[in-house]
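Structural characterization, general
The chain contents come next:
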Amino acid sequence: FFRFPGIASAVALLVIGCAAVVTVLSGTVTVEQHIAAPGQIAPRALQVSSFTRSVSQGVRSRQMPLPIAFATADEQNDASVTQFRQSLAEQEPEEAPPMTGEELYTLVMKRWGKAYDTRITKRRDRFYVEVMWFHLGQKSFPMSKEQFEQQLEAVAYILTDWRVQDQVRDGIKNTRKRPVMDTTGANAVVIPLNLPPDADTSDW
């Protein structure tokens, strides 16, 4: 060897290379044993999927561990469904508070200053709330105070049952018309109602 230093260097390099290969292979076995010993299930944090990476310029290849997501596909789908349902629940409108006869009386009084007769009417297949031009306190008013209060209470109950009480609240507050008897005749304030499909109108 001393006579041929070139050969000695080549042999030394070959020995070092073999030792490196043995070390790499040993490391691979150790990692695999640490991940899951035979007959055991590896913890979720140590479950791995593998990809092949070429080493030593294509001379050989080895399997390198790559961590996967902590949640499985089914768990991710379940979480997405739950989040979607929660978002739908948040978007659902809150139920409007019920209307009372007293509230209906107050709405009309604040808007026009008089307790006008307020009733539900039907024209063909459509329903309306009409605020009439005659009011409590007139000599020609056809109802007593008690009868008038009972009618308002019945109207408010039906509107709540149909779930259109907010439509009437907004209609009274936002209309520019007023109930009046003038040279053009009797003019009521008409508020159209958009009833939900399940509204019970069988008594009408």
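Below: a short report on this structure. (Residues numbered from 1 in each chain as written. Predicted model: local features only at pLDDT ≥ 70, side-chain atom pairs only at ≥ 80, totals over all residues. Heavy atoms only, no water.)

Section: the pairing of strand β3 (residues 116–123)
Alignment of β3 against strand β4 (residues 126–135), held across seven bridges, turns out to be antiparallel. Bridge pairing links Tyr 116 to His 135 in β4. Connecting β3 to the antiparallel partner β4 that follows it, the hairpin turn spans two residues, and Arg 124 within it adopts a positive phi of roughly 60°. (Pairing = 2+ DSSP bridges. Helix = DSSP H or I, 4+ residues; strand = E, 2+ residues; numbered from the N terminus.)

Let's talk about the packing of helix α3 (residues 101–112) against helix α5 (residues 165–174)
The geometry of α3 relative to α5 is characterised by a closest axis approach of 9 Å and an angle of 15° between their N-to-C directions. The pairing of α3 with α5 is recorded here as roughly parallel in orientation. Read as a crossing pair, α3 and α5 show a hand that is right-handed. Taken together, the residues of α5 that come into contact with α3 (itself represented by Glu 103, Leu 104, Leu 107, Val 108, Arg 111 and Trp 112) are Val 168, Arg 169, Ile 172 and Lys 173. Counted by class, the contact of α3 with α5 contains six nonpolar, no polar and four charged residues. (Axes fitted to C-alpha atoms, helices over the stretch in contact; angles between N-to-C directions. Parallel < 35°, antiparallel > 145°, perpendicular 65-115°, else oblique. Left-handed = near helix turned anticlockwise from the far one by under 90°. Contact = heavy atoms within 4.5 Å. Nonpolar A, V, L, I, M, F, W, Y, C, P; charged D, E, K, R; others polar.)

Some points on unusual backbone geometry
Positioned with a positive phi, Arg 124 is a non-glycine residue whose angle comes to about 60°. One can find Arg 124 in the loop between β3 and β4. Assessed through its relative accessible area of 81%, Arg 124 is described here as exposed. In this model, Arg 163 sits at a positive phi of 60°, which is unusual for a non-glycine residue. With respect to the helices and strands, the residue Arg 163 is situated in the loop between α4 (145–161) and α5. (Buried < 20%, exposed > 50% of the residue type's maximum accessible area, 1.4 Å probe, protein only.)

Description of the sheet that holds β4
With antiparallel pairing, the three strands of this open sheet are ordered in space as β3-β4-β7. The open sheet terminates on both sides in strands that have one partner only, identified here as β3 and β7 (189–193). Between one strand and the next, the sheet's axes are offset by a mean angle of 25°, whatever the strand orientation. Packing against the sheet, α3 makes contact with β3, β4 and β7, and its axis sits at approximately 110° to β3. Packing against the sheet, α4 makes contact with β3, β4 and β7, and its axis sits at approximately 45° to β3.

The quantities given are spatial measurements derived from coordinates; they are silent on function.
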